[in-house]
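# Structure at a glance
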Amino acid sequence: MDLKCRAVELREKMSLEEKVAQMLQISYSRVSHKEALIFAKMGAGSFLHVMGDDARAIQEEALKSRLKIPVIFGIDAIHGHALNSSSTVFPSPLAMAASFDRNLVKSVARATAREVSEDALHWTFSPLLCIGRDLRWGRISETFGEDPFLIGEMAKVMIEGYQNDGDLKEDNGILACAKHFIAYGESTGGRDSYDSPVPERQLRSLFLPPFQKAIDAGVGSIMAGYQSVDLLPCSANPYLLKDILQKEMGFEGFVVTDWENVRSLIGKQFVAKDIYEASYKAIKSGNHMIMNTPEFYNATLDLVKSGLVEESLIDEAVDRILKIKFDLGLFDNSNKVQTLKNKNNKTKGYIGSKAHEKLNEEITKRAMVLLKNDGILPLFKDEKAPKRIALIGPNADDVMNMLGDWTYFTHPEPKPSNTPKTKVVTLKEGLESLREKYDFDLYYEKVCSTSDLEAAGLKKAIRYAQTCDLVILALGDGLEEYGEEKDRASLELSLGQKAILEAMVEVGTPIVTVLVSSKPLDVYDLAKFSSAMIYGFNWGSLGGEICAKILAGEINPSAKLPISFPRHTGQLPIYYNYLPGWHGGKYVDFHQSQLFEFGHGLSYSKVIYGNLSYSLNFKAQFDEDDPIERLKRSIKTLPNEEYLKGKAIKLSFTLENISDIDCEEVILVYVKDEISSVITPVKELKAFERVSLRAKEKKEVNIEILLEQLCIIDGNYNKVFENGDFTFIINDMQLKLSL
Ligand code: GLC
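What you see is a predicted model, and the numbers here were worked out from it, not measured in a lab.

On to the overall build of the protein chain. Summing up its helical and strand segments, the protein chain has 23 helices and 25 strands in all. For 739 residues, the compact-globule estimate of 2.2 N^0.38 gives 27 Å, and the C-alpha radius of gyration of the protein chain, at 27 Å, lies within 12% of that figure. Put simply, 77% of the contacts in the protein chain that link residues at least 6 apart link residues at least 24 apart. One finds the centroid of the 89 positive side-chain charges in the protein chain at a distance of 2 Å from the centroid of its 105 negative side-chain charges.

This part takes up unusual backbone geometry. Glycine aside, residues mostly have negative phi angles, and peptide bonds mostly take the trans form. Put simply, Leu377 and Pro378 share a cis peptide bond, and its omega is -5°. Here Pro378 lies in the loop between strand E11 (369-373) and strand E12 (388-392). Phi is positive for Leu231, which is not a glycine, with a value near 80°. Residue position: Leu231 is located in the loop between strand E7 (228-229) and strand E8 (232-233). On the accessibility criterion, Leu231 (67% relative accessible area) is exposed. Despite not being glycine, Trp406 has its phi angle at roughly 60°, a positive value. Relative to the helices and strands, Trp406 resides in the loop between helix H15 (399-403) and helix H16 (427-432).

Looking now at the site of the ligand. Around the ligand lies a shell of 14 residues, among which Asp76, Lys179, His180, Tyr226 and Asp258 are the nearest. Contact between the ligand and Lys179: an oxygen atom at 2.8 Å from a side-chain N or O atom of the residue. A distance of 2.9 Å is found between an oxygen atom of the ligand and a side-chain nitrogen or oxygen belonging to Glu484.

The space that makes up the largest pocket amounts to roughly 1,400 Å³. Lining the largest pocket are 46 residues; nearest its centre among them are Arg204, Ser205, Pro209, Lys686 and Cys711. Those elements that provide at least two residues to the lining of the largest pocket are helix H7 (148-162), helix H8 (200-216), strand E20 (684-693), strand E21 (698-706) and strand E22 (712-713). Counted by class, the lining of the largest pocket contains 23 nonpolar, 7 polar and 16 charged residues. Contributing to the lining of the second largest pocket are 39 residues, with Tyr226, Trp259, His411, Glu484 and Glu485 lying nearest its centre. Along the lines of polarity and charge, the residues of the lining of the second largest pocket split into 15 nonpolar, 10 polar and 14 charged.

For the rest of this paragraph, the subject is helix H11 (residues 275-285). It helps to recall that an α-helix has 3.6 residues per turn; residues three or four apart then point in one direction. Buried within H11 we find Ile275, Ala278, Ser279, Ala282, Ile283 and Ser285. Phi turns positive one or two residues past the end of H11, at Gly286, with a value near 100°.

This paragraph deals with the sheet that holds strand E14 (residues 470-476). Read from one edge to the other, the open sheet built from 6 strands follows the order E11-E16-E15-E14-E12-E13, with strand pairing classed as mixed. At either end of the open sheet lies a strand with only one pairing partner, and these are E11 and strand E13 (441-445). On average, each strand axis in the sheet is tilted by 15° relative to the strand beside it, whichever way the strands run. Bridge analysis of E12 against E13 gives 5 bridges, and the strand direction is parallel. Pairing of Ile392 across the sheet is with Glu445, part of E13.

Another aspect to go through is helix H1 (residues 3-13). Every buried residue of H1 is listed here: Ala7, Leu10 and Arg11. End-on, the buried residues of H1 take up no more than an arc of 100°, which puts them together on one face. Exposed residues lying more than 90 degrees from the buried face of H1 are Glu12 and Lys13. Elements in contact with the buried residues of H1: helix H2 (16-22) and helix H13 (311-327). Where H1 starts, the residue carrying a side-chain oxygen 3.0 Å from the main-chain nitrogen of Lys4 turns out to be Asp2.

Okay, the side chain of Asp673 next. Structurally, the position occupied by Asp673 is in strand E19 (residues 663-673). Buried charge without a partner: Asp673 forms no salt bridge, and the closest opposite charge is Lys672, 7.8 Å away. Residues contacting Asp673, with those up to four places away along its chain left out, are Thr680, Leu710, Ile712, Asp725 and Phe726.

What counts as what
- Residues numbered from 1 in each chain as written.
- Predicted model: local features only at pLDDT ≥ 70, side-chain atom pairs only at ≥ 80, totals over all residues.
- Heavy atoms only, no water.
- Helix = DSSP H or I, 4+ residues; strand = E, 2+ residues; numbered from the N terminus.
- Rg over C-alpha atoms; globule rule 2.2 N^0.38 Å.
- Contact = heavy atoms within 4.5 Å.
- Lys, Arg positive; Asp, Glu negative; His and termini not counted.
- Charge placed at Lys NZ, Arg CZ, Asp CG, Glu CD.
- Buried < 20%, exposed > 50% of the residue type's maximum accessible area, 1.4 Å probe, protein only.
- Near = heavy atom within 4 Å.
- Polar contact = N/O pair within 3.5 Å; in protein donor to acceptor, adjacent residues only side chain to side chain.
- 1 Å grid on protein atoms, 1.4 Å probe; cavity = no way out; pocket = protein on both sides within 12 Å on 5 of 7 lines; lining within 4 Å.
- Points joined across faces, edges and corners; volume = space filled by probe spheres on them.
- Nonpolar A, V, L, I, M, F, W, Y, C, P; charged D, E, K, R; others polar.
- Pairing = 2+ DSSP bridges.
- Axes fitted to C-alpha atoms, helices over the stretch in contact; angles between N-to-C directions.
- Arc of directions from axis to C-beta.
- Salt bridge = Lys/Arg side-chain N within 4 Å of Asp/Glu carboxyl O.

Any link to function would need more than the numbers given here.
Right, dumping it as structure tokens:
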């Protein structure tokens, strides 16, 4: 019998009480262990924020319930299973996006799935598909940046990695969760969980496509966002969750609310009088699992018994949840249902393994962006190599700030006293490990924290700078300045960090800056006075080692920015794929260009692009020069679906590495729709590839763009391809085609 039938057959045996309990997701951080066991025995469907033996104890209790339905355990494993201090902490999602490396990011998801599974859990609340366009928002580090195409590609490979290419029931297959549906990062002013004023055409053009990719990749769960879209809370919006997500986009998994969304309808968004109205709206809107609002249980029993809520809606939610539990093998693979009794004492050794550490090295190498270099880097290339280096600043030796958000220091509750049980290397330690090899002395001074208003240790730092031949500044932000409910009105460096910069500029020793920060900050002056600048994001456990090796020249940087750096906070929101039409194109007090734009990234090698040509596997329909004929054609809507099928543009070009060191080149292909019936961005990313080139190697590259990728959402909200001229942009090459 197929799994869906088995799910329905099981649900038909359940009482109303058991069915409503199955919709509950209990947070282990909000109940005592004893209360958790009681919820498990009553048949609560899921728990979050619990790991290892605590989870095994809860599962053991759940299996004593009448129908012995296993619990599904969820956790925020978004850059490794990082809430466990024995686990591998990979670079942040934003940093991983900078690699533009689908295979490596997929491998990170696979490794994460193995560590989560070994910890007796089944589900990660990842990938996050929010578009990071307003840097004032506190959760930018969790995004894959500002571009919907890149976000969709990263989400696709992470889902495939977590869900084991569809073989979910295998020991290490875990459920992925595409979140937050939808447009959470677009809230006005970057204010966390505030309203996102996104009109439907923009929703369909920018925000839905990454989720469609996630659904097409088979994602089994989707999380409804905290906030409202155009004044309707996501968890109280049936048009969004049922009509668009479940019907139009074909999502067949289950929708889990974000943290206490149902309770928030009452006390934060004031769209429900009480838990009865909130539960009624949540069920009617198409939410299936209710995170951290256990009072939903009694209210819903009353709502069904009163006839206000059809039991069929409860049945649908439970069918979707049980179907996923069958898919996960919770009823067929005993290794997926770990209890204290059957705990596999021969742990597979995945958590924090050497293999995962090696993988961490590989992704970290490709996740740091060389933003500026006047030739001072790599440091140890000739006799001018520095002999005395001053390492100055708050993020040179701060483990918490380098690991970033959603780790054992921050969740389920902040615990700064926690200590890593796996290898962690700060920049200070990374440089110290190279001292002998490159024969230099290192003088370190923290001076202040990232948010201090004054620089207490400045005198000592100045003395070091005066007696050294290089200053490495390690600046950025700290955990008190980002994360949920931690938005910033200004991205400027703190006064303490500004004082450090001012003093170092005054001394005059050459400056190389390493920025360890959750997101781009206002580094206009810092960049101006730095001879070189590396952006390390929250670079994970091994970032300090890798960054030191990049500075030394042992690693050739290859990452590109997945997000833009503004020149000033006042420019926000700022992004590369902006719309034309701004009268004047700039503020009177600032020009509008980015300091560093999406796609920017330097290396120690030089690659020449050339010989761009193309071929079509179809006859272009748009070649009339006669304006009347052209207008006639553009008014005539093509039979789009069948017209588009299989049609593609193949772009061919050469890459030549003219340097004497090997490199990896990230190729970015943008397209500009020259004339369209609705306004479209000045350019949009449509393809990317990472290509290896040995020293002096030249190779031909072919990249295909599907015609379907050039569709837009027209004035009637239809996804259509419109004939016309399109310009393809690859590095410094352009090609205009009439299609
Ligand atoms: C949090 C976040 C969400 C996370 C969930 C569970 O509040 O908004 O991204 O997955 O709650 O921790």
